[in-house]
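A closer look at the structure
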Amino acid sequence: MEAPTTLSLPWKTRIFLSLFNTVTYAATRPDGTVNRRLLNFFDFRIPPESKPINGVKTYDVVVDPTRNLWFRVFVPTEDAIEDVPLIFYFHGGGFAFLAPNVKHYDVVCRRMARKVAAVVVSVDYRLAPEYRYPVQHDDCFEVMKFVDVEENRLKWLPENVNVSRCFLAGDSAGGNIAHHLAQRACEFNFQLLKVTFSFSMIDLTINIRCDLSHSE
């Protein structure tokens, strides 16, 4: 049996995370609100790329424009695998910061899709304090229900993805979302999705050992 794949972050991403943590502290006001105008100076966003970068192509899917609810899909293109798992990824940021198209999360999910050989759906949820709990959890669950519809799956996901091999993952606040949505998934009657495993990361700077081929 092959050893599990080890994922680690590039040093540039680690430096970016450290700097961004400093900025988020500076942008948080004493009353708990967030100075988003200040954040915009440091919030580097990356558009989707249909041409593969590092063996992965990306595109965005809008679920509900009235809520600005959308997700980014990361599709590995180097290896022709017939049966690839689906990973829902929920970003961290204390429920108040960041998004799937922020540079370092684009790098993380792209790397995960390539190294694990899985389709990654990175969810953008509405942020606190403008939108209070449980909006963040509900938005992410709505994306799962959206993908569970056969018409949406055929339209927006690659043909070789197996949604019955579904995994939930996230870091920091996203890890909290992954944990609670795994429990909600057990109580919900999905038609296509089958959540087989969830894993949470406290800190993205640690190594992640993933072996999705022996999860069931």
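Note: the structure precedes this text.
On to helix α3 (residues 103–116), then. Relative to the 20 Å expected for 14 residues at 1.5 Å per residue, α3 spans 20 Å between its end C-alpha atoms, a close match to the ideal helical length. Among the residues of α3, those classed as buried are His 104, Tyr 105, Asp 106, Val 108, Cys 109, Arg 110, Met 112, Ala 113 and Val 116. Residue Ala 117 follows α3 closely and has a positive phi angle near 60°.

Before going further, it helps to spend a moment on the environment of Ala 80. Of note, Ala 80 is situated in the loop between β3 (69–76) and β4 (84–90). Here Ala 80 falls in the exposed class, since its relative accessible area comes to 81%. Between the C-alpha atom of Ala 80 and that of Ala 117, which follows or precedes it by 37 residues, the distance is 9.7 Å.

Before going further, it helps to examine helix α4 (residues 135–148). Between the first and last C-alpha of α4 there are 20 Å, a value that for 14 residues agrees with the 20 Å anticipated at 1.5 Å per step. With 11 of 14 residues buried, α4 is to be regarded as a mostly interior element. Among the residues making up α4, those that are buried are Val 135, Gln 136, His 137, Asp 139, Cys 140, Phe 141, Val 143, Met 144, Phe 146, Val 147 and Asp 148.

Here we take up the pattern of salt bridges. Applying the stated criterion across every chain yields a total of 11 salt bridges. Among the salt bridges present, the one from Arg 153 reaches Glu 150, with a minimum N-O distance of 3.0 Å. Highlighted residues: Arg 153 and Glu 150, both in helix α5 (residues 150–156), separated by three residues, approximately one helical turn. Residue classification places Glu 150 among the partly exposed residues on the basis of a relative accessible area of 35%. Taken together, the shared-partner salt bridges connect Asp 60, Arg 72, Asp 106 and Arg 110 into one network.

Rules behind the numbers
- Residues numbered from 1 in each chain as written.
- Predicted model: local features only at pLDDT ≥ 70, side-chain atom pairs only at ≥ 80, totals over all residues.
- Heavy atoms only, no water.
- Helix = DSSP H or I, 4+ residues; strand = E, 2+ residues; numbered from the N terminus.
- Expected span 1.5 Å × (residues − 1).
- Buried < 20%, exposed > 50% of the residue type's maximum accessible area, 1.4 Å probe, protein only.
- Salt bridge = Lys/Arg side-chain N within 4 Å of Asp/Glu carboxyl O.

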